[in-house]
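Below are the chains, spelled out letter by letter.
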Amino acid sequence: MSTPIDLAALKTRQMAAWASGDYAVIGTTLQIVGEQLAEACDLLCDEQVLDVAAGNGNATLAAARRGCRVTSTDYVAALLERGEDRARAERLNVTFQVADAEALPFADGSFDAVLSTFGVMFAPDQAKAAAELARVCRPGGRIGLANWTPEGFVGQIFKTLGQHMPPPPGAQPPSLWGTEAWLRKHFDEHDFLLQVTRRTFNFRYRSAEHFIDTFRSWYGPIHKAFAALPPDGAKALEDDLTELLNRLNRAGDKSMVVPSEYLEVVITRR
């Protein structure tokens, strides 16, 4: 009989990982995803919008630029500080609040739109996080998500990390959020209308070495993995990531452009 996973311990580990490095260095390169999601959700001026697991605020800024009244949340305060810096620089009026995606401190139906770009998919208790998104979204409102797929480049990165740093037994891969079957299971057609579009984000770096150096320095999960591995293990991880990057690079020898598939999801609450 398998031992139940300690979700609280897993969350503590995740918080430490995301607080390490500086995700904003990576996150700002993904801004286009937040802009596209805001358009897909057809956000309207003065709508109440919640960004869940907002990180450094890509969806937050996209919604605020469209005149929405935005509340930006994450369980890592340091990430929100980066988003707050960006909002201040653009003179955008945004409320920032530390909050757990699995226990959002808001009343039922508080928001016209609930967004998350590559954020809520990392919640340890996936079913609870999905239920919270639905709970705080008003009837007729929209839940907008951008989720990496298992088959795409980022999904393959996390598969590679798992081969070198196995996750706790029973832990669910975040990339489940990037499958239509999982989404339809947790946002069933009786209560929700789902629109799913497959999109591609291009990671652009000078080389595989440049990508690995950047992510090793600033992207929490990879930063933590390299720090935890012995020298020979770190070298093996670097070799596997280099092979993956070179195999998927479509720019040839002159540069590095690696496409990564994600699902753009708009869920309308009936």
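Quick note: structure is the one above.
We now turn to the structure provided with this report.

Criteria and cut-off values
Residues numbered from 1 in each chain as written. Predicted model: local features only at pLDDT ≥ 70, side-chain atom pairs only at ≥ 80, totals over all residues. Heavy atoms only, no water. Core = buried A, V, L, I, M, F, W, Y, C linked by side-chain atoms within 4.5 Å. Buried < 20%, exposed > 50% of the residue type's maximum accessible area, 1.4 Å probe, protein only. Helix = DSSP H or I, 4+ residues; strand = E, 2+ residues; numbered from the N terminus. Contact = heavy atoms within 4.5 Å. Polar contact = N/O pair within 3.5 Å; in protein donor to acceptor, adjacent residues only side chain to side chain. Pairing = 2+ DSSP bridges. Right-handed = clockwise from strand over helix to strand, strands pointing away.

**Some points on the nonpolar core**
Nonpolar side chains tend to gather and get buried jointly when the protein is soluble and globular.
Logical step 1: One finds Trp-177, Phe-187, Phe-203 and Phe-211 to be the most contacted residues of the largest nonpolar core, which totals 63 residues.
Logical step 2: Top contributing element to this core by residue count: strand β7 (residues 256-269), with 6 residues.
Logical step 3: Aside from chain neighbours lying at most four places away, what touches Phe-211 is Phe-153, Ile-157, Phe-203, Tyr-205, Leu-245 and Met-256.
Logical step 4: Leu-37, Leu-61, Ala-62 and Cys-68 belong to the second-largest nonpolar core, a separate cluster that totals 18 residues.

**Quick word on the side chain of Glu-35**
Logical step 1: Turning to its location among the elements, Glu-35 is positioned in helix α3 (residues 31-40).
Logical step 2: At 2.9 Å, the side chain of Glu-35 forms a polar contact with the side chain of Gln-31.
Logical step 3: Dropping the residues within four chain positions of it, Glu-35 is found in contact with Ala-62, Arg-65 and Arg-66.

**Regarding the pairing of strand β2 (residues 69-74)**
Logical step 1: Counted residue by residue, β2 has 5 buried out of 6 residues, so it is predominantly covered.
Logical step 2: Two elements, strand β1 (residues 48-51) and β2, share 4 bridges in a ladder whose sense is parallel. Following the sheet pairing, Gln-48 is matched in β2 by Arg-69.
Logical step 3: At this point the chain moves from β1, through helix α4 (residues 58-65), to the parallel β2, and the crossover so formed is right-handed.
Logical step 4: Pairing of β2 with strand β3 (residues 94-98) involves 5 bridges; the strand directions are parallel. The partner of Ser-72 across the bridge, within β3, is Phe-96.

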